[in-house]
Amino acid sequence: MLSVVKLVACATNFTKKQIIHMVEQQFLGRWVAQTYRATHAYMAERLRKLQIGYGQFPFLNYLSRSGPSSQEAISQALMFDKATTARAIRKLEEVGYVERRIAEDDHRRYEVKITASGAAAAGEIKAFLKDWNQRLTAGFSPAEKEMIFALMIRVAENARREYRNLHVEAEE
């Protein structure tokens with residue numbers, strides 16, 4: 001751990017002692033939340049020209065990557081409740097970025113697919129995200145960039161696992 005602490009201390013205004021204190025005593029969510037709030041502000045400003053908000057872009061990105069999907073599959077993949085997914089899909093449908101149809105194999109569920117204008121908007125969003133990632137990792141070496149992504153992916157996987165466990169416990 002000490003070599004990582006030394007690395008962080010060199011790259012920030014924190015001392016080694018402060019960093020060790022943060023690791024041992026502070027809530028990791030604080031740093032995640034600060035990053036989230038800054039990301040939200042950055043993206044909201046750029047998404048305005050696409051006529052969507054921060055709440056819709058993950059759904060559009062998911063459909064861009066995954067292709068046609070049921071609303072339930074989208075909810076599960078993005079860890080949103082069904083009502084939130086339905087509202088986001090409805091907004092994306094209103095601006096012409098997705099089409100929603102009743103599934104042929106099961107008339108109780110909706111199949112959602114991205115339109116050509118939705119694919120174009122998803123391309124712009126991808127460029128926004130690339131720019132934001134570059135801003136967040138400014139001054140990082142390639143190895144540090146790989147490390148932060150690998151560590152954040154692990155943090156997110158742990159969070160996803162705990163989120164699912166909470167829902168399983170709630171159902172019992």
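Placed above this text is the structure.
Throughout what follows, the structure given in this document is the object of discussion. Being a predicted model, the structure only gives us computed values, none of them experimental.

## Concerning the overall build of the protein chain
1) Next: Scanning the protein chain for helices and strands turns up eight helices and three strands.
2) Next: Traced from its N-terminal end to its C-terminal end, the protein chain shows the element sequence α-α-α-α-β-α-α-β-β-α-α.
3) Next: Every one of the 172 residues in the protein chain was classed for burial, and the buried ones make up 25%.
4) Next: Across the protein chain, contacts joining residues at least 24 apart in sequence account for 48% of those joining residues at least 6 apart.
5) Next: Total accessible area on the protein chain is roughly 11900 Å²; 56% of this is exposed by carbon and sulfur atoms.

## Brief notes about the sheet that holds strand β3 (residues 110-114)
1) Next: The strand order β1-β3-β2 describes an open sheet built from three strands, whose pairing is antiparallel. Pairing within the sheet leaves two strands with one partner each, and these edge strands are β1 (69-70) and β2 (98-102).
2) Next: Note: β2 against β3, five bridges, orientation antiparallel. Across the sheet, residue Arg 100 finds its bridge partner in β3, namely Val 112.
3) Next: Sitting on the sheet, helix α6 (residues 82-94) is in contact with β2 and β3, with an inclination near 120 degrees to β2.

Conventions and cut-offs
Residues numbered from 1 in each chain as written. Predicted model: local features only at pLDDT ≥ 70, side-chain atom pairs only at ≥ 80, totals over all residues. Heavy atoms only, no water. Helix = DSSP H or I, 4+ residues; strand = E, 2+ residues; numbered from the N terminus. Buried < 20%, exposed > 50% of the residue type's maximum accessible area, 1.4 Å probe, protein only. Contact = heavy atoms within 4.5 Å. Areas by Shrake-Rupley, 256 points an atom, 1.4 Å probe, with all protein chains shown as cover. Pairing = 2+ DSSP bridges. Axes fitted to C-alpha atoms, helices over the stretch in contact; angles between N-to-C directions.

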